[in-house]
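Coordinates in review
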Amino acid sequence: NKTALGCTVDYQSTSPQGRYIRFGVREHGMGAIGNGLHAYGGIVPFTATFLTFIEYMFPAVRLAALSGHKHIFIMTHDSLGIGEDGPTHQPIEQVNIVRATPNVLMFRPADGNETSGAYKVAMEQED
């Protein structure tokens, strides 16, 4: 999902300095842990998955919105066209769910410049 930074590695027992935690297919747990990292203080987490899987993560997204957590949820593969994964990965109604959620700021950038702008606005957003 193109979120890898060149300046860090995965968090593992052999690399405790790492800044990435890989969750596998555990969207809800990933979102909940991201919220906990922000609640602890000093961390602006970002978590990423395909948009079609936001329904698994949505309780954590909603809690972040209600609690005022600064948590950047990155949802990729939001095309309405059918890709290699077929129609099961064609998020149609998920965009409306996110847009209808109070206190959630949603962007759908179309290129690198818009993506940079979306990250800038997200980081500057105050509670």
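Every residue gets a number counted from 1 within its own chain, in the order that chain's sequence is written. Per-residue local features of the predicted model are confined to residues with pLDDT of at least 70, and side-chain atom pairs are confined, for both listing and counting, to 80 or more; whole-chain, interface and lining totals are unaffected and use all residues. Note that the side-chain values use all heavy atoms of the structure and ignore hydrogens as well as water.

1. Some thoughts on the side chain of Q94
Helix and strand definitions here come from DSSP, where helices need a minimum of 4 consecutive H or I residues and strands a minimum of 2 consecutive E residues; each element is numbered from the N-terminal end. With respect to the element layout, Q94 can be found in helix 3 (residues 94-99). A simple rule labels every residue: compare its accessible area, found with a 1.4 Å probe on the protein chains alone, to the largest value its type can have, and call it buried under 20%, exposed over 50%, or partly exposed in between. In this structure Q94 comes out as buried when scored by relative accessible area, which is 4%. Any pair of nitrogen or oxygen atoms within 3.5 Å is treated as a polar contact; in protein, a donor-acceptor pairing is required on top of that, and neighbouring residues in sequence qualify only through side-chain atoms on both sides. A polar atom in the side chain of Q94 sits 3.0 Å from the side chain of E55. Contact definition: two residues touch when any of their heavy atoms are within 4.5 Å. In this structure, Q94 is in contact with L51, T52, I54 and E55, ignoring residues within four places of it in sequence.

2. Comments concerning the packing of helix 1 (residues 27-40) against helix 2 (residues 54-67)
Taken N-terminus to C-terminus, the directions of helix 1 and helix 2 make an angle of 20°; their axes are 6 Å apart at the nearest point. Put simply, helix 1 runs roughly parallel to helix 2. For the element pair helix 1 and helix 2, the recorded crossing hand is right-handed. Judged by residue contacts, E27, H28, M30, G31, A32 and N35 of helix 1 engage Y56, M57, P59, A60, L63 and A64 from helix 2. Each residue is assigned to one class: nonpolar for Ala, Val, Leu, Ile, Met, Phe, Trp, Tyr, Cys and Pro, charged for Asp, Glu, Lys and Arg, and polar for all the others, Gly among them. For the contact of helix 1 with helix 2, the per-class residue count stands at 8 nonpolar, 3 polar and 1 charged. Helix axes are fitted only over the stretch in contact, all axes being lines through C-alpha atoms; the angle between N-to-C directions runs from 0 to 180 degrees. Any angle from 65 to 115 degrees is called roughly perpendicular, while one under 35 is roughly parallel, one over 145 is roughly antiparallel, and all others are oblique. Note: crossing handedness is left-handed where the near helix turns anticlockwise from the far helix by less than a right angle, and right-handed where it turns clockwise.

3. What to know about the side chain of N35
With respect to the element layout, N35 can be found in helix 1. Classification of N35 as buried rests on a relative accessible area of 4%. Every residue in contact with N35, bar those within four places of it in the chain, is listed here: A60, L63, A64, H69, H71 and F73.

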